[in-house]
Amino acid sequence: MFSSRSSLSRNLLPSNCAGQLLAGKARRVCVASSWYGMATLRAKPAQPEELECDMEDSEGPCDGCSFKLGKSKGGPLSVMEGLLLAGKMHAAIRDNDVPRVRKLLDMGADINKENKEGFSPVWQAARYNLVETLRALIAYGGALIDAPSVTVDQYHWSPVFIAAKRNSTDALRILITAGADVNACNAGGDTPLILASLNGHGAIVDALLRAGANVHATDQFGSCALFYASRQGHCGLLDALIDRGADVNGSRVTALLIASRFGHASAVNKLLLAGADVSAVDDDKNTALHRTALETTPGAVYGGRIGEVVELLIKNCARMDVVNNDGLHGMVERSGTIALEAGWHAIRVEFFERGGGAGLIVLAGGPGTAYDVIPPDRWMHGGTLPPSTDLNGDG
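Residues numbered from 1 in each chain as written. Predicted model: local features only at pLDDT ≥ 70, side-chain atom pairs only at ≥ 80, totals over all residues. Heavy atoms only, no water.

Section: the overall build of the chain
Rules: The way it works is that DSSP assigns letters per residue, a run of H or I at least four long becomes a helix, a run of E at least two long becomes a strand, and they are numbered from the N terminus. Think of it in three bands: with a 1.4 Å probe and only protein chains considered, a residue is buried below 20% of the maximum accessible area for its type, exposed above 50%, and partly exposed in between. By definition, residues are in contact when any of their heavy atoms lie within 4.5 Å. Calculation of accessible area relied on Shrake-Rupley with a 1.4 Å probe; when residues are assessed, cover is drawn exclusively from the protein chains displayed.
A count of helices and strands for the chain gives 16 helices and 4 strands. Counting every position in the chain, which comprises 395 residues, the buried fraction comes to 41%. For the chain, long-range pairs separated by at least 24 residues make up 60% of all intrachain contacts whose partners lie at least 6 apart in sequence. For the chain, the accessible area works out to roughly 21300 Å², and carbon and sulfur atoms hold 50% of it.

Structural data, given as structure tokens:
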């Protein structure tokens with residue numbers, strides 16, 4: 001026995017081959033080295049059968065190697081043979097060559113062996129919507145239909161997850177029929193339904209909902225499928241999700257807040273009709289109306305209908321608070337903006353104190369007016385100008 005790292009392998013054999021010593025002679029056999037790396041080979045009598053060395057499947061022709069490799073009759077596959085079969089299996093799947101896939105499986109190829117990227121045969125077939133290949137793999141028996149990818153880049157996505165992401169509707173339906181888990185999430189907590197809702201894949205969303213996908217599931221940010229459909233303005237998906245019981249006020253940041261921010265007027269209207277709470281606030285204590293007023297990104301980038309959103313929110317009794325500085329805290333300054341015509345306008349300032357030090361300062365500014373404490377001549381209370389901005393006289 002000798003290792004493929006021996007001088008014989010380095011000096012006498014092509015770089016994509018490994019050496020095997022048998023009866024005093026070096027014989028060449030190909031290894032899909034870029035997929036699986038070189039392996040230590042053991043000398044043993046071999047009786048070649050059906051499997052030819054055809055490296056053109058993955059790395060190009062094998063420099064004239066014509067050695068046939070197959071498992072010994074009646075014996076188990078060697079490490080080398082298993083690696084070669086696995087490489088050929090993934091090549092056959094990429095080519096959607098169902099007869100060859102079946103032949104390789106009959107020869108002993110591992111139906112669940114990942115390629116160098118960490119993707120199993122079922123995962124690859126789901127990824128590219130290779131319907132007949134996927135059916136053949138599942139029908140053969142032993143395929144792990146819920147096994148996730150094992151790479152960091154793909155965040156442990158299951159075959160159902162990658163089918164949802166790639167909009168592989170037919171592959172998804174085959175997996176569902178075979179009993180795949182439609183709620184399997186990735187490392188970030190995303191479910192196939194969340195991903196499909198974000199990307200606007202209507203047929204995928206429909207198939208997942210019919211298969212029992214959880215409409216209430218949230219990701220690591222506390223956001224559900226309805227949130228992401230609202231964020232993108234996918235109104236048809238909003239109907240489907242709400243019909244299946246999605247809570248319009250369920251996410252950490254509600255669907256109405258995010259739809260309003262991005263100017264999706266049609267989505268806002270649907271959410272309001274479904275009972276969305278116009279008074280719900282985000283992490284910064286902003287309501288949907290506040291967040292819409294604060295949005296500085298050009299509307300064309302998103303829904304582009306901020307004006308309609310504002311009208312809808314006001315029509316549904318949204319409070320027109322200019323500034324919301326609610327919560328238990330020390331002196332913190334918050335600001336807001338509102339368009340006003342020249343003249344007097346009603347203003348209401350609400351304040352409560354729980355304990356500790358207290359303070360309330362109201363400042364204003366605008367075109368031609370410095371941002372400062374509102375002076376006495378800018379106030380009117382009870383129809384008369386007050387003598388001081390100290391309205392309660394406590395100094």
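Next comes the rest of the account.
Some words on the packing of helix α14 (residues 265–273) against helix α16 (residues 306–315)
Definition in use: With axes taken as lines fitted to C-alpha atoms, and helix axes fitted only over the stretch in contact, angles between N-to-C directions fall between 0 and 180 degrees. With respect to orientation, any angle under 35 degrees is reported as roughly parallel, any angle over 145 as roughly antiparallel, any angle of 65 to 115 as roughly perpendicular, and every other angle as oblique. Handedness of a crossing is defined here by the sense of rotation of the near helix relative to the far one, left-handed for an anticlockwise turn of less than a right angle and right-handed for a clockwise turn. Each residue gets one label: Ala, Val, Leu, Ile, Met, Phe, Trp, Tyr, Cys and Pro are nonpolar, Asp, Glu, Lys and Arg are charged, and the others, such as Gly, are polar.
Relative to each other, α14 and α16 sit at 15°, their axes nearing to 9 Å. Classified by the interaxial angle, the pair formed by α14 and α16 is roughly parallel. α16 is crossed by α14, and the crossing has right-handed handedness. Side by side, α14 and α16 meet where A265, V268, N269 and L272 of the first sit next to E308, V309, L312 and L313 of the second. For the contact of α14 with α16, the residue count by class is 6 nonpolar, 1 polar and 1 charged.

Points about unusual backbone geometry
A positive phi is found at N96, a non-glycine position, where the angle reads about 55°. Structurally, N96 can be placed in the loop between α3 (79–94) and α4 (98–106). In this model, N129 sits at a positive phi of 55°, which is unusual for a non-glycine residue. You can see N129 is positioned in the loop between α5 (121–127) and α6 (131–140).

Regarding the pairing of strand β3 (residues 363–366)
To keep things clear, this is the line we draw: Any two strands are treated as partners once DSSP identifies two or more bridges connecting them.
Inspection of the sheet shows β3 paired to strand β4 (residues 369–373) by 3 bridges, in the antiparallel sense. By the bridge assignment, L363 is partnered in β4 with V373. The hairpin turn running from β3 into β4, its antiparallel successor, is 2 residues long, and G368 in that turn takes a positive phi close to 80°.

Some remarks on the packing of α4 against α6
In contact at an axis separation of 9 Å, α4 and α6 are set at 25° when each is read in the N-to-C sense. The orientation of α4 relative to α6 falls into the category roughly parallel. Judged by the sense of rotation from one axis to the other, the crossing of α4 with α6 is right-handed. Residues V98, V101, R102, L105 and D106 of α4 lie in contact with α6, whose contacting residues are E132, T133, A136, L137 and Y140. Class assignment for the residues of the contact of α4 with α6 results in 6 nonpolar, 1 polar and 3 charged.

Section: the environment of V309
Topologically, V309 is positioned in helix α16. Overall, V309 belongs to the buried group, its relative accessible area being 0%. Counting along the chain gives 48 residues from V309 to R261, while the straight-line C-alpha distance between them is 8.9 Å.

Side note on a nonpolar patch on the surface
How we decide: Patch definition: residues above 30% relative accessible area lacking any salt bridge, with like charges linked at up to 9 Å and the nonpolar side chains Val, Leu, Ile, Met, Phe, Trp and Tyr linked at up to 5 Å. Each reported salt bridge corresponds to a side-chain nitrogen of Lys or Arg within 4 Å of a carboxyl oxygen of Asp or Glu.
Taken together, M331, I361, L363, Y371 and V373 make up a surface patch of nonpolar side chains, about 490 Å² in accessible area. Relative to the elements of secondary structure, V373 occurs in strand β4.

Quick word on the nonpolar core
Note on soluble globular proteins: their nonpolar side chains tend to be buried together. Our working definition: We call a set of buried residues a nonpolar core when its members are Ala, Val, Leu, Ile, Met, Phe, Trp, Tyr or Cys and they connect through side-chain atoms within 4.5 Å of each other.
Counting residues in hydrophobic clusters, the biggest one holds 75 residues, and the most contacted among them are L193, L208, L226, L241, L256 and L271. Residues contacting L271, with those up to four places away along its chain left out, are L226, S230, L238, I242, V248, A255, L256, A259 and A276.

Taken by themselves, the reported measurements are silent on function.
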